[in-house]
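What follows is the residue order along each chain.
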Amino acid sequence: VIEVDSVSTSCRCITAYAETKSVAPKQTGRIRLVLDTSHFVGQRDVTLTVNFRFNGNQLQTVRIPCKAYIRTDLSMQPSYAKLGSLAVGSGGEQRVRVTRMGNEFWKINEIRSKNPALSTEWKELSRGDGRVEYEVLVKVSKDAPLGSIQESLILVTNDSSNANVALRVDGKVESDVLATPDLIPLGKLTPGKEGRYSIVVKAKKPIRIEKVEFASL
C-alpha cells in the first residue's frame, strides 16, 4: 500500500492536491494539479514533489517535471466543463464559450475525446474585429459508467502555430447509494490483534442500514 504523505510544487502558479491518500495494490491514485491562469502567463516549468510511504516504511520522494503555457489570446467561460455530480443513467451536459482574440480567421475544425461516454457539439457565435467566439457543448451519455470523469478534450483548430487547445472536463457519475472507500487498505495485520476501519455511506434519499455481511474469501 502506498500512503501519500504530502504533495507540493516549486511555483505558486500550480497548486497540487492528493485526491487519493492511500493506493492499494492494483489500484490507481490521483493527484490534481490546478493551473492559475488569472495571475500567471506564458511558459511555466514547474516541479511536482510527492512524498510517500510504501507499506508504512521510510518516507520516499519522487519529483515530476510539469510544463504548461498560459495563453493570453484565448479564454474560456467557464474555465472548464464542470459537470458536477451526475446520477447514474441520467447523463448531463455543460456549455463553454471559447473566445479567440487577435485572429478573426481562427476556426475550430474538430474536437477529439478519448472517452466514449463524452460527445461534443460546437457552433460559431460571432466573428469580426479580430475576435472569434464559439460555444462548445459537452454531453455525457446516459450509459456513462460509475466513477470520475476527468478528461481533456482537444479542440483542433486551423492555427498553424498552436493548433490544439485543451478543454478540461470534470465530473462524477454516482449511484443513489455510495460507500467510500470502495477498497479498504488493510496493510500489515498482526495475528490476534484487531484492526478498525471506517466506511462512509452516502445516499441521495434517506436509507437505513439493516445488516452488514462479508463475502467469503
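The structure contained in this document is the topic of the report that follows. (Residues numbered from 1 in each chain as written. Predicted model: local features only at pLDDT ≥ 70, side-chain atom pairs only at ≥ 80, totals over all residues. Heavy atoms only, no water.)

Some words on the layout of surface pockets
Of the pockets and cavities examined, the largest pocket occupies roughly 1,400 Å³. Considering the residues around the largest pocket, the lining is formed by 35 residues, among which Leu-35, Thr-37, Ser-79, Ala-166 and Arg-168 are closest to the centre. At 7 residues, the largest contribution of residues to the lining of the largest pocket is made by strand E14 (residues 164-174). When grouped by side-chain class, the residues that make up the lining of the largest pocket number 17 nonpolar, 9 polar and 9 charged. Around the second largest pocket sit 36 residues that line it, and Thr-20, Thr-28, Ser-148, Lys-172 and Asp-182 are the ones nearest its centre. Sorting the residues of the lining of the second largest pocket by element identifies strand E3 (22-23), strand E8 (81-87), strand E13 (147-157), E14 and strand E15 (177-180) as the ones contributing at least two each. Among the elements that line the lining of the second largest pocket, the one with the most residues is E14, at 5 residues. Class assignment for the residues of the lining of the second largest pocket results in 14 nonpolar, 13 polar and 9 charged. (1 Å grid on protein atoms, 1.4 Å probe; cavity = no way out; pocket = protein on both sides within 12 Å on 5 of 7 lines; lining within 4 Å. Points joined across faces, edges and corners; volume = space filled by probe spheres on them. Helix = DSSP H or I, 4+ residues; strand = E, 2+ residues; numbered from the N terminus. Nonpolar A, V, L, I, M, F, W, Y, C, P; charged D, E, K, R; others polar.)

Some thoughts on the pattern of salt bridges
Enumeration according to the criterion identifies 18 salt bridges in this entry. Among the ionic pairs, Arg-71 bridges to Asp-73, the shortest N-O distance being 3.0 Å. Look at Arg-71 and you get buried, because its relative accessible area is 18%. Here Glu-133 makes a salt bridge to Arg-97, at a shortest N to O gap of 3.5 Å. Here Glu-133 is found in strand E12 (residues 131-140), whereas its partner Arg-97 is found in strand E9 (residues 92-101), with 36 residues between them in sequence. Judged by its relative accessible area of 12%, Glu-133 falls in the buried class. (Salt bridge = Lys/Arg side-chain N within 4 Å of Asp/Glu carboxyl O. Buried < 20%, exposed > 50% of the residue type's maximum accessible area, 1.4 Å probe, protein only.)

Examining the state of the cysteines
For the structure shown, the criterion picks out 0 disulfides. Left unpaired, Cys-66 is separated from the closest cysteine sulfur, that of Cys-13, by 9.5 Å. (Disulfide = S-S within 2.5 Å.)

Structural notes on the sheet that holds strand E1 (residues 2-9)
In any sheet, the strands associate via hydrogen bonds between backbone groups, in a parallel or an antiparallel arrangement. The 4 strands lie next to each other as E3-E1-E5-E6, forming an open sheet whose pairing is antiparallel. Each having just a single partner strand, E3 and strand E6 (60-70) make up the two edges of the open sheet. Pairing of strand E5 (residues 42-54) with E6, which is carried by 11 bridges, proceeds in the antiparallel orientation. Across the sheet, the residue bridging to Gly-42 is Ile-70, located in E6. (Pairing = 2+ DSSP bridges.)

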